[in-house]
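Letter by letter, the chains look like this.
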Amino acid sequence: MTQRRSVALGSFDGLHRGHRAVLDLALSFEKDGFEPCALVFDEHPLKVVGAGAPPELMTPHARDEMLESLGITVKKISFGRIADMSAEQFVNDILIGELNAGAVCCGYNYRFAKSAAADSRDLEELCRARGILCAVAERTDYNGAAISSTRIRNALAEGNIEDANAMLGREFSYKFTVVSGDRRGRLIGAPTINQHFPEGFIVPKFGVYASAVPIDGELHAAVTNIGRRPSFTCDDLRSETCITDFSGDLYGADPVVEFHAYLSPSKKFDTLDELRACIDHAAQRAQEYFAE
């Protein structure tokens, strides 16, 4: 017989502290013999309906990796399959029929079914009538307002890394493949790793950040510039990270870059010496930040 599951429901865009409250509820049912799982969409619902999806706070692969690291099985479904379902159909066909749910967990503001007509209270009633446990996570606040993916996106767009990290419950980060640059950094003694943002991924405010890069189990202080490199003619958007105490070759690798603080806007420099001096100053500020 298929093991019964505790199913976490939600968008899980960014896996912020509000999402973690729902996931913690799903994990709490392990003591009852239920396998924790999260039902996620293979594409954002707004993208499916043609309304335009908001920028991703993490790639689907990174989301799935984090869920699995928490001990939560990932179950994917197409939004198109359930978009026109009634609340009863969703519970009967998906939660019970496909996922064998013994418990269902969601957030206080969860909505589902056709036209998002049903909410968490409807879910509780439907589950109760079918002998399924249902747990609803209370609102998780930060600075007096509910944590949401939208608030985190706004914080990143404004360079408010500390606020974004507080709402995420961890450092905002990404893990993209290092691509070959023009190697100007090596000419001035500040080799950098260049990473491009995939389509649909959020781009934080342009500027210079105190960052960190974990390599082989050790966290290295770094400085990251996000922008279009105003000092050079190349206009492509990228992330450039100078790891202050590392000189190895990371081309082709996909290191994680964690963001800790916004240091300054991007500037245009007339000479490489001016750029080198700015990088040195930013690196010193980043090291001071971590020392504190």
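Residue positions are given per chain, counting from 1 as you read along its sequence in written order. Side-chain atom pairs in this predicted model are given and counted only at pLDDT of 80 or more, local residue features only at pLDDT of at least 70, and totals for whole chains, interfaces and linings cover all residues. Computation of side-chain values: all heavy atoms of the structure, hydrogens and water removed.

J.: Would you mind going over the pairing of strand E1 (residues 5-9) with me for this structure?
T.: Each regular strand carries side chains that alternate between the two faces of the sheet. Burial within E1 is extensive, with five of its five residues counted as buried. Crossovers are described as right-handed under a simple rule: with the strands pointing away from the observer, the path leading from the first strand over the helix to the second runs clockwise. Think of it this way: any DSSP run of H or I at least four residues long counts as a helix, any run of E at least two long counts as a strand, and we number them from the N terminus. Handedness of the crossover is the feature at issue here: the chain leaves E1, passes through helix H1 (residues 17-28), returns alongside strand E2 (residues 35-41), and the resulting connection is right-handed. Only protein chains enter the accessibility calculation, which uses a 1.4 Å probe; a residue whose area is less than 20% of its type maximum is buried, one above 50% is exposed, and one in between is partly exposed.

J.: In this structure, what is going on with helix H3 (residues 60-69)? I would like to understand it.
T.: Side chains that are three or four residues apart share a direction in an α-helix, a result of its 3.6 residues per turn. Taken together, the buried positions of H3 are occupied by Arg-63, Asp-64, Met-66 and Leu-67. Angular distribution of buried residues about the axis of H3 spans 165°; they occupy a single face of the element. Away from its buried face, by an angle of more than 90 degrees, H3 presents the exposed residues His-61 and Ser-69. Throughout, a residue-residue contact means that at least one pair of heavy atoms, one from each residue, lies within 4.5 Å. Of the surrounding elements, those touching the buried residues of H3 are H1, E2 and strand E3 (73-77). Positive backbone phi, at 90°, marks Gly-71, one or two positions downstream of H3. Each direction from the helix axis to a C-beta atom contributes to the arc, which is the arc of those directions.

J.: Mind showing me how you'd approach the confidence of the model for the protein chain here?
T.: For any part of a model where pLDDT is low, the fine detail of the predicted coordinates should not be relied upon. Across the protein chain, the average pLDDT comes to 88, with 86% of residues at 70 or higher. Low confidence marks residues 185-189, where pLDDT is under 50. Its contacts with residues over four positions away, or in another chain, come to nine contacts. The pLDDT score gives, residue by residue, the confidence of the prediction method on a 0 to 100 scale.

J.: Where do I start with the sheet that holds E3 in this structure?
T.: The pairing of strands in a sheet comes from backbone hydrogen bonds and takes either a parallel or an antiparallel form. Across the sheet, five strands lie side by side as E3-E2-E1-E4-E7; this open sheet has parallel pairing. Only two strands of the sheet have a single neighbouring strand rather than two, namely E3 and strand E7 (133-137). The sheet shows a mean angle of 25° between the axes of neighbouring strands, direction not considered. Of the pairings in the sheet, the one linking strand E4 (residues 101-107) to E7 comprises five bridges and is parallel in character. Note that in E7 the partner of Ala-103 across the bridge is Leu-133. Against the sheet, helix H5 (residues 87-98) engages E1, E2, E3 and E4, with an angle of about 130° to E1. Only strands that DSSP links by at least two bridges are regarded as paired with each other. Angles run from 0 to 180 degrees between N-to-C directions of axes, and those axes are lines fitted to C-alpha atoms, restricted for helices to the stretch in contact.

J.: Just to check I follow, could you spell out unusual backbone geometry for this structure?
T.: Peptide bonds are trans in most cases, and residues, glycine excluded, mostly fall at negative phi. Its identity as a non-glycine residue notwithstanding, Asn-100 has a phi of 50°, on the positive side. The residue Asn-100 is located in the loop between H5 and E4 in this model. At Ala-113, a residue that is not glycine, the phi angle is positive and equals roughly 75°. Tracing the sequence through the fold places Ala-113 in the loop between strand E5 (111-112) and strand E6 (118-119).

J.: Would you take a moment to explain the pairing of strand E12 (residues 192-195) for this structure?
T.: Summarising the sheet, strand E11 (residues 178-179) and E12 pair through two bridges and their orientation is antiparallel. Across the sheet, the residue bridging to Val-178 is Gln-195, located in E12. In this sheet, strand E15 (residues 238-243) lies alongside E12 in antiparallel orientation, the contact comprising four bridges. Each bridged residue has a counterpart across the sheet, and for Thr-192 the counterpart in E15 is Cys-242.

J.: Would you explain the environment of Arg-111 in this entry?
T.: Examined against the element boundaries, Arg-111 turns out to sit in strand E5. Arg-111 gets classed as partly exposed once you look at its relative accessible area, which sits at 46%. Dropping the residues within four chain positions of it, Arg-111 is found in contact with Ala-116, Ala-117, Ala-118 and Asp-119. Under this definition, polar contacts are N or O atom pairs within 3.5 Å; protein pairs additionally need one hydrogen-donor-capable and one acceptor-capable atom, and for neighbouring residues in sequence, both atoms have to be side-chain atoms. One polar contact links the side chain of Arg-111 to the main-chain carbonyl oxygen of Ala-116, over a distance of 2.8 Å.

J.: When you look at the pattern of salt bridges in this model, what are you seeing that I'm missing?
T.: Opposite charge on two side chains lets them pair, provided their charged atoms get close. By salt bridge we mean one thing: a side-chain nitrogen of Lys or Arg within 4 Å of a carboxyl oxygen of Asp or Glu. Overall, the coordinates contain nine salt bridges when judged by the stated rule. Between Glu-98 and Arg-81 there is a salt bridge, and its shortest N-O distance comes to 2.4 Å. Of this pair, Glu-98 sits in helix H5 while Arg-81 sits in helix H4 (residues 79-82), and the two are 17 residues apart along the sequence. Of the charged contacts, one joins Asp-236 and Arg-238 as a salt bridge, the two residues approaching to 2.7 Å between their closest N and O atoms. Take Asp-236: its relative accessible area is 24%, and that puts it in the partly exposed class. Each of the salt bridges in this network shares a partner with another, and the network as a whole consists of Arg-63, Asp-64 and Lys-76.

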